[in-house]
Amino acid sequence: RVLGVLPEAPLVAAAESIGELWYRFAPSKAAQARANLRRVCEGLDEQGRGTRLARRAATDPDALELLVRRCFRHTVRYYLEVAQIGGVDLQQALDRVVVETPDAVREGLQSGRPVMILGMHFGGIELPAIVVAHLVGHRVSGPMETVADPAIQRWFETTRGRVGVTIVPVRNARRTLLAALRRGESVGLVNDRDIAGSGIPVPFFGSPAPISPGPALLAIETGTPVYAAAGRRIKGGRYAGKVIAVPMPAEGTRRERVIAITAAIAAAYETLLADAPEQWWGAFHPIWPDLVVGAGSGAGPGAGHGGSRGRA
């Protein structure tokens, strides 16, 4: 409650300072983010897209380390936004979110039909979620891991419920989400990490990464269109929102369609990450099986940096 009413600028400065300290005292997290972000930047460079810093980070260790440090800062800013969201109303959210893909928003979110909106552990989620719930015009259900602290869990349920988002426990989420779609409600999923361990390996920045097939299965069973979306932080305390339609194959076996949709989701995530890979706080977690830091030898690919961490 206190963070929700204090001036934002000093809070952001404090969050970034905490992020810097966290970076210095969490070498294993930094190593995992470094390995993942290196692959992202190398992939973007090969594709000929991405920010100038990201493409430089494909070959420059200092540029890569700067992205890692910024990733820590953005993660702490996300936690700050979670705490502040109780004091944000719809108009404030609309004023601060700049929609970069108005055609996709009109076609998908404002169509009046239920849609599936897929996001990542990326950028800002809280304010963009308020805008998404407003645009679709009906409640949005989304699964979430249960937080150990009951008070914090209630906080999530209350603040997100106030803006039209219904939190669904991860356990038995598929049945609940399927019922919501059949009632004409929309569904939101954060799907860049294979938490359940049931992911299908699909190309992701040039290497196979397990992505949950859950959204593809729901889409096939209900005929619901799928959109990938993200809100990245930009200057002036605002967010740039982007929505991408995920193609739905009309032919093929059920398995072939599930794989095709899941691969298309991963491709959409590549496009969203290209705008600001340093805002992908999912990078702190294992994404690719061959880049799990701490597995096997204990170092993992990309764990080392040649001693330039302090200069980045």
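Refer to the preceding data block for the structure.
Report follows, based on the coordinates. Bear in mind that the values here come from a model prediction, so they are computed numbers and not experimental data.

What counts, and where the lines are drawn
Along each chain, residues carry numbers from 1 onward, in the same order as the chain's sequence is written. Totals for whole chains, interfaces and linings use every residue, but because this is a predicted model, local features are given only for residues with pLDDT of at least 70 and side-chain atom pairs only at 80 or more, for both listing and counting. Calculated side-chain values reflect all of the structure's heavy atoms, with hydrogen atoms and water omitted. To obtain each axis, a line is fitted to C-alpha atoms, and for helices this fit is confined to the stretch in contact; angles are then taken between N-to-C directions over 0 to 180 degrees. Secondary structure elements follow DSSP: runs of H or I of four or more residues count as helices, runs of E of two or more count as strands, with numbering from the N terminus. Roughly parallel here means an angle under 35 degrees, roughly antiparallel means over 145, roughly perpendicular means 65 to 115, and every remaining angle is called oblique. Here is the rule for handedness: rotate from the far helix to the near one, and if that takes an anticlockwise turn smaller than a right angle the crossing is left-handed, while a clockwise turn gives right-handed. The contact definition used throughout considers only heavy atoms, calling two residues in contact when any of these lie within 4.5 Å. Disulfides are defined as pairs of cysteine sulfur atoms found within 2.5 Å of each other. In plain words, nonpolar cores are sets of buried Ala, Val, Leu, Ile, Met, Phe, Trp, Tyr and Cys residues tied together by side-chain atoms within 4.5 Å. Relative accessibility decides the category of a residue: with a 1.4 Å probe and only protein chains considered, values under 20% of the type maximum give buried, values over 50% give exposed, and everything between is partly exposed. Paired rings are identified among Phe, Tyr and Trp, the last through its six-membered ring, by centres lying within 6.5 Å, and are further divided according to the angle between planes into stacked (under 30 degrees), edge-to-face (over 60) and tilted (the rest). Whether a charge lies above a ring is judged from NZ of Lys or CZ of Arg, which has to be within 6 Å of the ring centre and within 35 degrees of the ring normal. By this definition, two strands are paired if DSSP reports at least two bridges between them.

1. Describing the packing of helix H2 (residues 27-47) against helix H4 (residues 61-84)
For the pair H2 and H4, the least separation of the axes is 9 Å and the interaxial angle reads 120°. What the angle tells us is that H2 and H4 run oblique. The way H2 lies across H4 gives a crossing that is right-handed. Together, Lys29, Ala30, Ala33, Arg34, Leu37, Arg38 and Cys41 of H2 and Leu64, Glu65, Leu67, Val68, Cys71 and Phe72 of H4 make up the contact between the two elements.

2. Here's the deal with the state of the cysteines
The full count for this structure, using the stated rule, is zero disulfides. Free cysteine: Cys41, not disulfide-bonded; nearest cysteine sulfur from Cys71 at 11 Å.

3. A word on the nonpolar core
Counting 69 residues, the largest nonpolar core has Leu37, Met116, Phe204, Val246, Tyr269, Trp280 and Trp288 as the members making the most contacts within it. The element best represented in this core is helix H11 (residues 254-273), accounting for nine residues. Beyond its immediate chain neighbours, meaning those up to four positions away, Tyr269 contacts Leu118, Gly119, Met120, Asn191, Asp192, Phe204 and Ala228. Counting residues in hydrophobic clusters, the runner-up holds 20 residues, among them Ala93, Val115, Val136 and Val140.

4. So, the packing of aromatic side chains
Tallied over the entire structure, the rule returns ten aromatic pairs. Between Tyr78 and Trp281, the ring centres sit 4.1 Å apart and the planes meet at 25°, which makes this aromatic pair stacked. In this pair, Tyr78 is assigned in helix H4 and Trp281 in the segment after H11, connecting sequence segments 203 residues apart. When the ring of Phe204 is compared with that of Trp280, the centres are 6.2 Å apart and the planes differ by 90°; the resulting orientation is edge-to-face. Remark: Trp280 occurs in the segment after H11 and Phe204 occurs in strand E6 (residues 200-204); sequence separation between them is 76 residues. The two residues Phe204 and Trp280 agree in class, both being buried. Ring-pair connections join several aromatic residues into one group, and the members of that group are Trp22, Tyr23, Phe72 and Phe284. The positively charged end of Arg39 is found above the aromatic ring belonging to Trp288, 5.4 Å away from the centroid.

5. Describing the environment of Ala260
Here Ala260 shows up in helix H11. C-alpha of Ala260 to C-alpha of Val202: the two residues are 58 residues apart in sequence and 8.8 Å apart in space.

6. Considerations on the pairing of strand E8 (residues 226-234)
With eight of its nine residues buried, E8 lies for the most part within the structure. Judged from the three bridges that link them, strand E2 (residues 116-119) and E8 form a sheet pairing that is parallel. Pairing of Ile117 across the sheet is with Tyr227, part of E8. With nine bridges connecting them, E8 and strand E9 (residues 238-246) associate as antiparallel partners. Looking at the pairing, Ala228 lines up with Ile244 of E9. Connecting E8 to the antiparallel partner E9 that follows it, the hairpin turn spans three residues, and Gly236 within it adopts a positive phi of roughly 75°.

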